[in-house]
Amino acid sequence: MTEVSLAVPAVPARSAGWHGPLAPLLAGLWLSCLWSLPTNPSAPVRFALSVEIAILLLLLALAAPLRNGLAGRALRYAVAAATTLVVALKAGELAIRSCLGRPLNPLLDLDLAPSLVHLLAGTFGGWLAGLVLAAGAVALLVIFGLSAVAIGVAQRSLAGPRPRALMLAVGILLLAAFGLGQAVPHLLAWRPVSAHATDMLLAQWRLGRDAIHDQARLEAAIASDPVRDLPADALLTRLAGIDVLLIYVESYGRSALEQPRYAAAIQPRLAAFEQAL
């Protein structure tokens, strides 16, 4: 008898496209898009690659323990969580700058979160406001998941020598471009590689630190009031016979005094305050 053998081609377990030399570059491009989101509505939008992501991919290419095992999984989810936090803070920065014309102070602006919920409920209604908030939460979860997938793709693809060599070359080039932009800032009108996210986080941290320091100074000043123990009839004695103007600047303007729903509460208090003065 004649033996007939059939050769069956092997089917790869994973698609080669996800593990080729370009896979870590595509993953880095996705992460750079998130880390370089704009935060100033009045500034021109100029995309730049993230130097933080370039450093991350260089570390993955150089250190095999960061690509596998417990350390690899911990790094993957830590970077995904950091990316989600950066996106959330960038969204908050963009919203505060658009509405209030100032940068975000995470420490102080957390108190505005209930006001945001009330604004959404008053504008869209309860159900629609709930859907908007739920959509925001789902968007952050999607960003976390896709970022973790992108980092996992980069970790697996950088196991090969060709992706590692390409990543090392591209990473060194990006770091050189970043260093040139920092050393000679006026040489290029547009910096192709930036630390936009780190700059934003440092600025927000300084604002929070200064707010804590100012609050401590205010509390110390209140505690050491030099006229606290003076009797009431000894205060402001030099103002006798002098007209004193008390000027209020508040956010609601004339509506606080003229609209019935506000005036009904505010006018009696102002009248009582006037009598007390």
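The model shown is predicted, which means the values in this text are computed figures rather than measured ones.

A. Region of the structure containing the overall build of the chain. Summing up its helical and strand segments, the chain has ten helices and two strands in all. Secondary structure elements in the chain, listed N-terminal to C-terminal, are α-β-α-α-α-α-α-α-β-α-α-α. By the compact-globule yardstick of 19 Å for 277 residues, the chain is too spread out, its C-alpha radius of gyration being 29 Å. Principal axes of the C-alpha set define a box for the chain whose edges measure 125 × 50 × 35 Å.

B. Helix α6 (residues 126-157), seen in detail. Compared with the 46 Å implied by 1.5 Å per residue over 32 residues, the 47 Å span of α6 between its first and last C-alpha is a close match. A129, I143, S147, A148, A150, I151, G152, V153, A154, Q155 and S157 are the residues of α6 that are buried.

C. Molecular detail of the confidence of the model for the chain. In the predicted model, the chain carries a mean pLDDT of 84, and the fraction of residues at 70 or more is 91%. The model gives residues 1-17 a pLDDT under 50, and that stretch makes three contacts with residues more than four places away or in other chains.

D. Examining the side chain of Q204 more closely. With respect to the helices, strands and loops of the structure, Q204 is situated in helix α8 (residues 196-223). With relative accessibility at 6%, the residue Q204 sits in the buried group. Excluding its chain neighbours within four sequence positions, the residues that come into contact with Q204 are L89, E93, L104 and P106.

E. Local environment of the nonpolar core. Core analysis: the largest hydrophobic core is formed by 19 residues, its most contacted members being W35, L57 and L60. Elements represented by at least two residues in this core include exactly α1 (23-35), α2 (51-62), α3 (69-100) and α6. By residue number, the principal contributor to this core is α2, which donates five residues. Once residues within four sequence positions are removed from consideration, W35 is found in contact with S50, E52, I53, A82, T83, V86, K90, H196 and A197. In this structure, V51, F178, V193 and A195 belong to the second largest nonpolar core, which totals six residues.

F. Structural detail: the pattern of salt bridges. Scanning the entire structure with this criterion turns up four salt bridges. We note a salt bridge from D109 to R102, for which the minimum N-O separation is 2.6 Å. A salt bridge links E258 to R254; the nearest nitrogen and oxygen atoms lie 3.0 Å apart.

G. Quick look at a nonpolar patch on the surface. A surface patch of nonpolar side chains, about 1,100 Å² in accessible area, is lined by V227, L230, L235, L236, L239, I242, V244, L246, Y248, F273 and L277. Tracing the chain through its elements places L277 in the segment after α10 (260-276). For L277, a relative accessible area of 67% puts it in the exposed group.

H. Quick peek at the side chain of S194. Mapped onto the elements, S194 comes out in strand β2 (residues 193-194). In this structure S194 comes out as buried when scored by relative accessible area, which is 16%. The residues contacting S194, other than those within four sequence positions of it, are A48, L49, S50, V51, E52 and F178.

The rules behind each value
- Residues numbered from 1 in each chain as written.
- Predicted model: local features only at pLDDT ≥ 70, side-chain atom pairs only at ≥ 80, totals over all residues.
- Heavy atoms only, no water.
- Helix = DSSP H or I, 4+ residues; strand = E, 2+ residues; numbered from the N terminus.
- Rg over C-alpha atoms; globule rule 2.2 N^0.38 Å.
- Expected span 1.5 Å × (residues − 1).
- Buried < 20%, exposed > 50% of the residue type's maximum accessible area, 1.4 Å probe, protein only.
- pLDDT = per-residue confidence, 0-100.
- Contact = heavy atoms within 4.5 Å.
- Core = buried A, V, L, I, M, F, W, Y, C linked by side-chain atoms within 4.5 Å.
- Salt bridge = Lys/Arg side-chain N within 4 Å of Asp/Glu carboxyl O.
- Patch = residues over 30% accessible without salt bridge, like charges linked within 9 Å, V, L, I, M, F, W, Y side chains within 5 Å.
- Areas by Shrake-Rupley, 256 points an atom, 1.4 Å probe, with all protein chains shown as cover.

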